[in-house]
Amino acid sequence: MLAGQHVISVTASSEMAADTKTTLSLAREEYMAIQFNHTIVLARDSQASATFLADMLGLPSPTRWGPFVMVTTENGANLDYMDTAGHITPQHYAFLISESEFDEIFARVRERNLPYWADPGQTQAGAINHHDGGRGAYFKDPNGHLLEIITRAYGSGGWNP
Ligand SMILES: [Fe+2]
């Protein structure tokens, strides 16, 4: 075993035939215990910003917890919006969505006449991309954070810029 590897041993129950008893050794990379849980998103108006994101993505209404207004995605990760009167450095947040969700979200982008781009550098205005055989687009939240919607995870279809 390599140094640093984390091993899980699983032994089959006594009800199983002896020859089916198995011990599994999984390298740490194979049993993913670590999940991304939350990040803080600075905003001028945390309630309005969280509501914008939830409305655009079709997610449940934000909830308040302490100083945060939280939007939770399907994989249980939170974007915790927090008010600030100070400088906001635009950040980037990407959301993996289905093809039908892309139709719905992209329709909202156009209904609101929001600028959108095919690329993060915002050189391809009014266009979407088709990386990895899917669809992707970028648009901004009220604070200038660059939001991205993609129907295929980066590289899942062989795309590698
Ligand atoms: Fe991205």
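Before any of the text, the structure's been laid out above.
From a predicted model like this one, the values you see are computed outputs, not experimental measurements.

Quick notes on the rules
Think of each chain on its own: its residues are numbered from 1, step by step along the sequence as written. This being a predicted model, a pLDDT of at least 70 is required before a residue's local features are given, and a value of 80 or more before pairs of side-chain atoms are given or counted; all residues contribute to the totals for chains, interfaces and linings. Helix and strand assignments come from DSSP, with helices taken as H or I runs of at least 4 residues and strands as E runs of at least 2, each series counted from the N terminus. Any residue with 12 or fewer other C-beta atoms within 10 Å of its own C-beta is exposed, any with 20 or more is buried, and the rest are partly exposed; the C-beta atoms used are placed from the backbone. Working definition of a contact: two residues with C-beta atoms, positioned from the backbone, lying within 7 Å. Strand pairing is assigned whenever DSSP detects at least two bridges linking the two strands. Between N-to-C directions, angles span 0 to 180 degrees; the directions come from axes that are lines fitted to C-alpha atoms, helices contributing only their stretch in contact. Residues enter a nonpolar core if they are buried, belong to Ala, Val, Leu, Ile, Met, Phe, Trp, Tyr or Cys, and are joined to the set through C-beta atoms within 7 Å. Multiplying 1.5 Å by the helix residue count minus one yields the expected span of that helix.

Chemist: What is the right way to look at the overall build of the chain in this model?
Modeler: Each helix and strand in the chain was counted, giving 2 helices and 7 strands. Across the chain, helices and strands are ordered from the amino to the carboxyl terminus as β-α-β-β-β-β-α-β-β. Out of the 161 residues belonging to the chain, those deemed buried represent 19%. The contacts of the chain with a sequence gap of at least 6 include a subset with a gap of at least 24, amounting to 47%.

Chemist: In this structure, what is going on with the sheet that holds strand β5 (residues 92-96)? I would like to understand it.
Modeler: What links the strands of a sheet is backbone hydrogen bonding, and the strands pair in either a parallel or an antiparallel sense. The strand order β5-β7-β6 describes an open sheet built from 3 strands, whose pairing is mixed. Of all strands in the sheet, those with a lone pairing partner are β5 and β6 (136-140), marking the two edges. Going from strand to strand, the sheet's axes swing by 20° on average, the running direction of each strand aside. Sheet analysis places β5 next to strand β7 (residues 146-150), joined by 5 bridges and oriented parallel. Along β7, the bridge assignment pairs Tyr93 with Leu147.

Chemist: Please clarify how the sheet that holds strand β1 (residues 38-43) should be interpreted in this entry.
Modeler: Strand order in the open sheet formed by 4 strands is β1-β4-β3-β2, and the pairing between neighbours is mixed. Looking at strand neighbours, the two that pair on one side only are β1 and β2 (63-65), the edges of this open sheet. Between one strand and the next, the sheet's axes are offset by a mean angle of 35°, whatever the strand orientation. Relative to strand β3 (residues 68-72), β2 is paired through 3 bridges, and the arrangement is antiparallel. Each residue of the ladder has a partner; that of Trp65, found in β3, is Phe68.

Chemist: Even after reading the chapter, I still don't get the nonpolar core, so can you show me in this structure?
Modeler: Soluble globular proteins tend to bury their nonpolar side chains together. In this structure, Val41, Ala43, Ala50, Phe52, Leu53, Met56, Phe68, Val69, Val71, Leu79 and Tyr81 together form the largest nonpolar core, which totals 11 residues. Looking at this core, the elements with two or more residues in it are β1, α1 (46-57), β3 and β4 (78-83). A per-element tally of this core places α1 first, with 4 residues. Leaving out residues up to four positions away in the same chain, Phe52 has contacts with Asp141 and Pro142. Counting 8 residues, the second largest nonpolar core, distinct from the first, contains Ile97, Ile128, Ala137 and Ile150.

Chemist: How should helix α2 (residues 99-111) be read in this particular structure?
Modeler: Along an α-helix, residues three or four positions apart point the same way, because every turn accommodates 3.6 residues. Between the first and last C-alpha of α2 there are 18 Å, a value that for 13 residues agrees with the 18 Å anticipated at 1.5 Å per step. Looking one or two residues past α2, Asn113 carries a phi angle of roughly 55°, positive in sign.

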